[in-house]
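Residue-level structural notes
Next come the chains, spelled out residue by residue.
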Amino acid sequence: MQSRMDLNLLIALDALLEEGSVTGAAERLHLSGPAMSRTLGRIRKALGDPVLVRSGRAMAPTPRALAIRAEVHELVQRAQTLFSADDDLDVATLSGSFTLQADEGTVAVLAGPLLEHVAREAPGVTLRFLGEGPRDDHLLRRDTVDLEIGVIGPGQPPETRVELLLEDRFVSVVRPEHPLAGRDVTLDEWAEAVQITSTRRGRVSGPIDELLAETGRARRLAGTVPTVTAALMIVQEADLLGFAAERLHRRLMDRLGLVRVPVPFELPPLVLSLGWHARYDADPAHAWLRRSVRDVITGILEE
């Protein structure tokens, strides 16, 4: 960065790279379109790079812009942390956006209450939810995601912070017309029921199959889908046995009118956590976001 790139230009550059448009960055920073365009001109002159170029109807970042995006964002976050204290944080004046990553089932039950909470406390903040991909891409390290919510296993980068959010357990569910609905089932009946499971990686075996194998049994798996929501919607219309988190997905199961079927053996616990990059440990706005997620989850579980 040249000395001509002051903090205001860094903030504007961060907004431009995150929004991908002059109009979006202007709205985020409460500037007029012409003022944002002039600021982009100053940034281009300071960097010696066009930063954003026209690509059809949209704007695309240059290779130089992509290379410095994470560094610029971190510099802006560090500066904001430096000049603010948690006691001085006024969430009502916050502006910008946070990106959260979670599986679709979690988004289905969390997003509504969390969006209402944020709109009430910080009307200038926008939340963007991303689904889980088929692989762990370390998006926290790349600063693509601000907060991860889900099963965060071992092997995380050392700078990833992980905090327990809740412990849950899987239950099996069927539609009311299913032959197993409304009664206790034996292990043989449960294993013989045609099942569907959700897995982002498309795996057709897991801990359930290992536990059944220890009893000399195997389950009848019809197939897999990538998300819990898709699996439950299929179960709603077909004589298949599906799975959901007993506490977290309760409202989703009730909304679809599904019936719980007791699992006739003990399943491993489902441990959901919050994950974030160490760079946000002391950031007041990020700490508020983490508290908000925890509070909303607590409210969902207590209903």
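Below: a short report on this structure. Since the model is a prediction, treat every value here as computed from it, not as a measurement. (Residues numbered from 1 in each chain as written. Predicted model: local features only at pLDDT ≥ 70, side-chain atom pairs only at ≥ 80, totals over all residues. Heavy atoms only, no water.)

1. Description of the overall build of the chain
Here is the rule: Here a helix means four or more residues in a row that DSSP labels H or I, a strand means two or more in a row labelled E, and each is numbered from the N terminus. Summary of the burial criterion: residues with accessible area below 20% of their type's maximum are buried, those above 50% are exposed, and those between are partly exposed, where the area comes from a 1.4 Å probe applied to protein chains only. Computed with a 1.4 Å probe, the accessible areas rest on the Shrake-Rupley method; for each residue, only the protein chains presented here act as cover. Asp and Glu count as negative and Lys and Arg as positive, but His and the ends of the chain are not part of the count. Note on charges: their place is set at NZ of Lys, CZ of Arg, CG of Asp or CD of Glu.
Check the secondary structure of the chain and you find 10 helices and 12 strands. Counting all 303 residues of the chain, 45% fall into the buried class. Taken as a whole, the chain presents about 15400 Å² of accessible surface, with 52% of it coming from carbon and sulfur. Counting 35 positive and 44 negative side-chain charges, the chain places the averaged centre of each group 7 Å from the other.

2. Re the nonpolar core
Put simply, the rule reads: To form a nonpolar core, buried Ala, Val, Leu, Ile, Met, Phe, Trp, Tyr and Cys residues must be joined to one another through side-chain atoms within 4.5 Å. Throughout, a contact is declared for two residues whenever any of their heavy atoms are within 4.5 Å.
Grouped together as the largest cluster of nonpolar side chains are 44 residues, with contacts concentrated most on Leu232 and Val293. With seven residues, helix H10 (residues 284-302) is the single largest residue contributor to this core. Residues within four places of valine 293 in sequence aside, it is in contact with Leu100, Leu110, Leu114, Leu147, Ile149 and Leu274.

3. Some remarks on the packing of aromatic side chains
Operational definition: A pair of Phe, Tyr and Trp rings is counted when the ring centres sit within 6.5 Å of each other, with Trp represented by its six-membered ring. The angle between the planes then sorts it: under 30 degrees is stacked, over 60 is edge-to-face, the rest tilted. Consider the ring centre and the ring normal. A charge sits over the ring if Lys NZ or Arg CZ is within 6 Å of that centre and within 35 degrees of that normal.
By the definition in use, this model includes two aromatic pairs. Summarising the aromatic geometry, the rings of tryptophan 190 and phenylalanine 265 are spaced 5.3 Å apart at their centres and angled 90 degrees between planes, so their arrangement reads as edge-to-face. Of this pair, tryptophan 190 sits in helix H6 (residues 187-192) while phenylalanine 265 is found in the loop between strand S11 (259-261) and strand S12 (270-277), placing the two residues 75 residues apart along the sequence. Three or more aromatic residues joined by ring pairs make a cluster, and in this case those are Trp190, Phe243 and Phe265. Sitting above the plane of the tryptophan 276 ring, arginine 290 keeps its charged end 4.2 Å from the centroid.

4. Points about the environment of glutamate 18
Filter applied, for reference: For this analysis, a polar contact is any N or O atom pair within 3.5 Å, provided that within protein one partner can donate a hydrogen and the other can accept it, and provided that sequence-adjacent residues contribute only side-chain to side-chain pairs.
Residue position: glutamate 18 is located in helix H1 (residues 7-19). Sequence separation between glutamate 18 and serine 97 is 79 residues; the distance between their C-alpha atoms is 9.1 Å. What glutamate 18 contacts, discounting residues up to four positions off in sequence, is Arg28, Arg69, His73, Ser97 and Arg128. At a separation of 3.0 Å, a polar atom in the side chain of glutamate 18 contacts the side chain of arginine 128.

5. Details of the sheet that holds strand S4 (residues 125-130)
Heads up, the condition is: Note: two strands are recorded as paired if DSSP finds a minimum of 2 bridges between them. Helix axes are fitted to C-alpha atoms over the stretch in contact, other axes to C-alpha atoms as well, and angles between N-to-C directions run from 0 to 180 degrees.
One open sheet accounts for five strands, arranged S4-S3-S5-S12-S6; its pairing is mixed. Each having just a single partner strand, S4 and strand S6 (160-168) make up the two edges of the open sheet. Ignoring which end each strand starts from, the neighbouring axes of this sheet average 20 degrees apart. Relative to the sheet, helix H5 (residues 104-121) contacts strand S3 (96-102), S4 and strand S5 (147-150), its axis offset from that of S4 by approximately 180 degrees.

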